[in-house]
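Architecture at a glance
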Amino acid sequence: MKSQNVRTRYAPSPTGYQHVGNIRTGLFAWLVARQAKGKFIVRLEDTDRSRLVEGADQHLLECIRILGLDHDEGFDIGGPYAPYRQSERLETYKPWAQKLIDAGRAYADPYTPEEVNAFRQQARDSKKPFLYRNHRPENPPVWDGTQPLRFKSDPKPQSWHDAVMGDLSTGPEVVDDIILIKSDGFPTYNFAHIIDDAEMQISHVIRGQEFLASTPNYINLYEALGITPPILATMPHILATEGNKKLSKRDGAKDVLDYIREGFLPEALVNFIASLGWNDGTEQEEFSVAELIEKFSLDRVQKSGARFDEKRLLWLNGAHIRKLSIDSLYEKVADFWQPSSESYDETYKKQVLGLIQERLKFFAEIPELTEFFFTEPTDASVTELLHDPKNKQLRKLDDTEYRDHKPPQARR
Ligand code: GLU
């Protein structure tokens, strides 16, 4: 593939805030595009109308802006394949659906949801996996848009290559008659993303592991539609700090903007997020964005789950803070001073920053670490300070333990 033909996309559903887990897919797609001098596209997958969260689309834009993941085409800025919001593309999906109907590869689902649930229950009772195609109607009604439109799959063994997971193959038992268009007229993700990726000339589909189980159905659908699949790259799960659970909100999957509000540097967040499942094969842990663009490669993304360790993020953020000049640090911390610092001038504040820079992990710590410097001492307080060996502020300034302690490397 010519590198300028590389077109990657980040295609989130606006169902909540962006946390380090979901934005990682966006970052990896962006790195692949920027390395190849290709295009990075932001598409909004909003066809599941029941899960929409108001404001999630703007939140997403704010996150990618702050992290510096600039995009070339998108639902906010348009581009040659606009619109990039799936709910505005309903007309685009219709001819593709019709093509399948005409070829006898799609049919109206005549059952009520209760009937489909009963089939599901039957399968459970007989301890067999549920397959809709076992109940494929013999004479389906003409599809009038009020019933779901289903794909008539061609169950067979399938093999494909995944840029991260390697060569994969599955048997016919995992291929089923998936829904293409729901009874509300909106396409499913399963159908819409295939059409959009094809129409938008996407070269690499980079997405989370939760889609791997459905990939055999996608391969089957690509074939029926006569579409050559793009390069598929499946990212490993991000695991919570402890155990084998996927990272969830409860286990610390925090809003990206909350990290920014607490005074984490965007470049440290990018460095940290890139390391969730990727390394360059050396011991290097600190990467600038430019280095990541140069060094990132899908074939060094690991197959197994990547551990989320917030201590590592703190350490990395501290490392990026230490690289800043005092002037630049001073500029960045403008919103983090405590009110009592107001009457102090820039020179003094910079001196204070110089004293704490070595051990600062994130900017929201500044008031606590600098309180002492902005309190007019009384004679008594000075005496107390000097003589109290447990004094918190003095101890902190002397505390090199944190700085020299590097948390364990990300488990790979
Ligand atoms: N809309 C999907 C999601 O938010 C994206 C999957 C994909 O990248 O294809 O999980």
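See the structure printed just above.
Note that the coordinates shown come from a computational prediction; the quantities given were computed from them, not determined experimentally.

1. Examining the pattern of salt bridges
Considering all chains together, one arrives at 28 salt bridges under this definition. Glutamate 88 is paired through a salt bridge with arginine 85; the nearest N and O atoms lie 3.7 Å apart. Between glutamate 199 and arginine 89 there is a salt bridge whose closest N-O contact spans 4.0 Å. Residue glutamate 199 is located in helix α5 (residues 189-199), and its partner arginine 89 is located in the loop between β3 (73-74) and α3 (90-102); the two are separated by 110 residues in the primary sequence. A relative accessible area of 31% means that glutamate 199 is categorised as partly exposed.

2. Examining the layout of surface pockets
Considered as a void within the structure, the largest pocket measures approximately 990 Å³ in volume. Counting residues per element, the ones that place at least two in the lining of the largest pocket are β1 (7-10), α1 (20-35) and β9 (204-208). For the lining of the largest pocket, the residue count by class is 13 nonpolar, 14 polar and ten charged.

3. Quick look at the site of the ligand
Contacts to the ligand come from Arg9, Ala11, Pro12, Ser13, Glu45, Tyr189, Arg207 and Phe211. Contact with the protein chains removes 81% of the 300 Å² of surface that the ligand exposes when unbound. Residue composition of the shell around the ligand, by class: four nonpolar, one polar and three charged.

4. A look at the nonpolar core
Counting residues in hydrophobic clusters, the biggest one holds 61 residues, and the most contacted among them are Leu27 and Phe28. Among the elements that line this core, the one with the most residues is α1, at nine residues. Those residues in contact with leucine 27 that lie beyond four places of it in its chain are Leu69, Val270, Ile273 and Ala274. Counting 20 residues, the second largest nonpolar core, distinct from the first, contains Phe151, Phe191, Ile194 and Ile227.

5. Here we look at the sheet that holds strand β5 (residues 149-151)
Read from one edge of the open sheet, three strands run β4-β5-β8, paired in antiparallel fashion. On the outer flanks of this sheet lie β4 (106-108) and β8 (179-181), each paired with one strand and no other. For this sheet the average axis-to-axis angle between neighbouring strands, irrespective of direction, equals 40°.

So, how was this worked out
Residues numbered from 1 in each chain as written. Predicted model: local features only at pLDDT ≥ 70, side-chain atom pairs only at ≥ 80, totals over all residues. Heavy atoms only, no water. Salt bridge = Lys/Arg side-chain N within 4 Å of Asp/Glu carboxyl O. Helix = DSSP H or I, 4+ residues; strand = E, 2+ residues; numbered from the N terminus. Buried < 20%, exposed > 50% of the residue type's maximum accessible area, 1.4 Å probe, protein only. 1 Å grid on protein atoms, 1.4 Å probe; cavity = no way out; pocket = protein on both sides within 12 Å on 5 of 7 lines; lining within 4 Å. Points joined across faces, edges and corners; volume = space filled by probe spheres on them. Nonpolar A, V, L, I, M, F, W, Y, C, P; charged D, E, K, R; others polar. Near = heavy atom within 4 Å. Areas by Shrake-Rupley, 256 points an atom, 1.4 Å probe, with all protein chains shown as cover. Core = buried A, V, L, I, M, F, W, Y, C linked by side-chain atoms within 4.5 Å. Contact = heavy atoms within 4.5 Å. Pairing = 2+ DSSP bridges. Axes fitted to C-alpha atoms, helices over the stretch in contact; angles between N-to-C directions.

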